[in-house]
Amino acid sequence: MSRLLILNGNPLEVIAAGSPDYAQVFSQVFRALDPSVDLDVLNPNHEPLTDDALEFVDGVVFTGSSTVYAADAPEAEPHRRAMEQVFALGLPVWGSCNGMQLAGVVLGGKVGASPKGVEIGLGRALTLTEAGQGHPMMAGRKPVFTACTIHRDEVQALPADAVLLATNDHSPVQAFTVSKGGVDFWGTQYHPEIAPPLIADALRRRDGDAQLAEDMDNAESDPDAAARLGAAPGDLDLPVRAMELCNWLAHVRARKSGAQAA
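Residues numbered from 1 in each chain as written. Predicted model: local features only at pLDDT ≥ 70, side-chain atom pairs only at ≥ 80, totals over all residues. Heavy atoms only, no water.

A.B. asks: Help me understand the sheet that holds strand 6 (residues 119–128) in this model?
C.D. replies: On the basis of which strands lie adjacent, the open sheet formed by nine strands has the order 2-1-3-4-11-10-9-6-7 and mixed pairing. The open sheet is flanked by strand 2 (38–42) and strand 7 (144–151), the only strands paired with a single partner. Ignoring which end each strand starts from, the neighbouring axes of this sheet average 25° apart. As judged from the five bridges shared by strand 1 (residues 3–7) and strand 2, these two strands associate in the parallel manner. From the neighbouring strand, Arg-3 faces strand 2, where its bridge partner is Asp-38. (Pairing = 2+ DSSP bridges. Helix = DSSP H or I, 4+ residues; strand = E, 2+ residues; numbered from the N terminus. Axes fitted to C-alpha atoms, helices over the stretch in contact; angles between N-to-C directions.)

A.B. asks: When you look at the packing of aromatic side chains in this model, what are you seeing that I'm missing?
C.D. replies: Here a ring pair, both rings aromatic, is described through the centre-centre distance and the interplanar angle of the planes. Considering all chains together, one arrives at six aromatic pairs under this definition. Here the aromatic rings of Phe-87 and Phe-185 are separated by 6.3 Å at their centres, their planes lie at 90°, and the arrangement is edge-to-face. In this pair, Phe-87 sits in helix 3 (residues 77–89) while Phe-185 sits in strand 11 (residues 183–188), placing the two residues 98 residues apart along the sequence. With respect to burial, Phe-87 and Phe-185 carry one shared label: buried. Each ring, one from Phe-176 and one from Phe-185, has its centre 5.3 Å from the other, and the planes form 45°; the classification is tilted. A relative accessible area of 0% places Phe-185 in the buried class. Clustering of aromatic rings is evident, with ring pairs tying together Phe-26, Phe-30, Trp-94 and Trp-248. (Phe/Tyr/Trp six-rings, centres within 6.5 Å; stacked < 30°, edge-to-face > 60°. Buried < 20%, exposed > 50% of the residue type's maximum accessible area, 1.4 Å probe, protein only.)

Listed below in structure tokens is the structure:
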């Protein structure tokens, strides 16, 4: 059994205003993928990450965020400080969207708003790099695929030790990993933890494209809706859309087994 700590990227007031509770989203997905997983949740916006909270943790998740500020803003300092603390312990770290952007900043890269605007719906033509095709994070992924996405900001300069795993025309950095200097980070700009209806809710809160919202609501059960979004049958089933998280859980278990054997 693995014990994970989920660090929520959304402050309580943002959740109360209608944005997702990303810790809850991750908790539901992890329990569906592995019912034996033990989960703890902490929100760095409201409580500091202590050494005691990390004592028996096997892996740490940094979620997405709906805040108006970017990962390099002063307001995000509690999350950057928490990530530095986790990296110093050498724990496996997962980052989705803002979580990946945090890693980009903490490890020496740069983030900024995409000049192409918000990418929302399904990220299209997500393409594995040569390194991505051989990396365990992407095991089982097609060379070109789609995934749920919603983001304004992006990593615009990779950290020096990062390996780019996936890209597309909207945001060149769609997934990267760092495995150097004690850092064990996997992350994606897209959201393998999110089901399409959550994106539909976000579109409606934004008064976005009504047809896109309807298709996102129905994509898991309606092949025509999925096709309009650029998805093939089965692409949005949980084991496929959350494939990177399945692979990360396996990585966390392997790291734990190795540590116990040592």
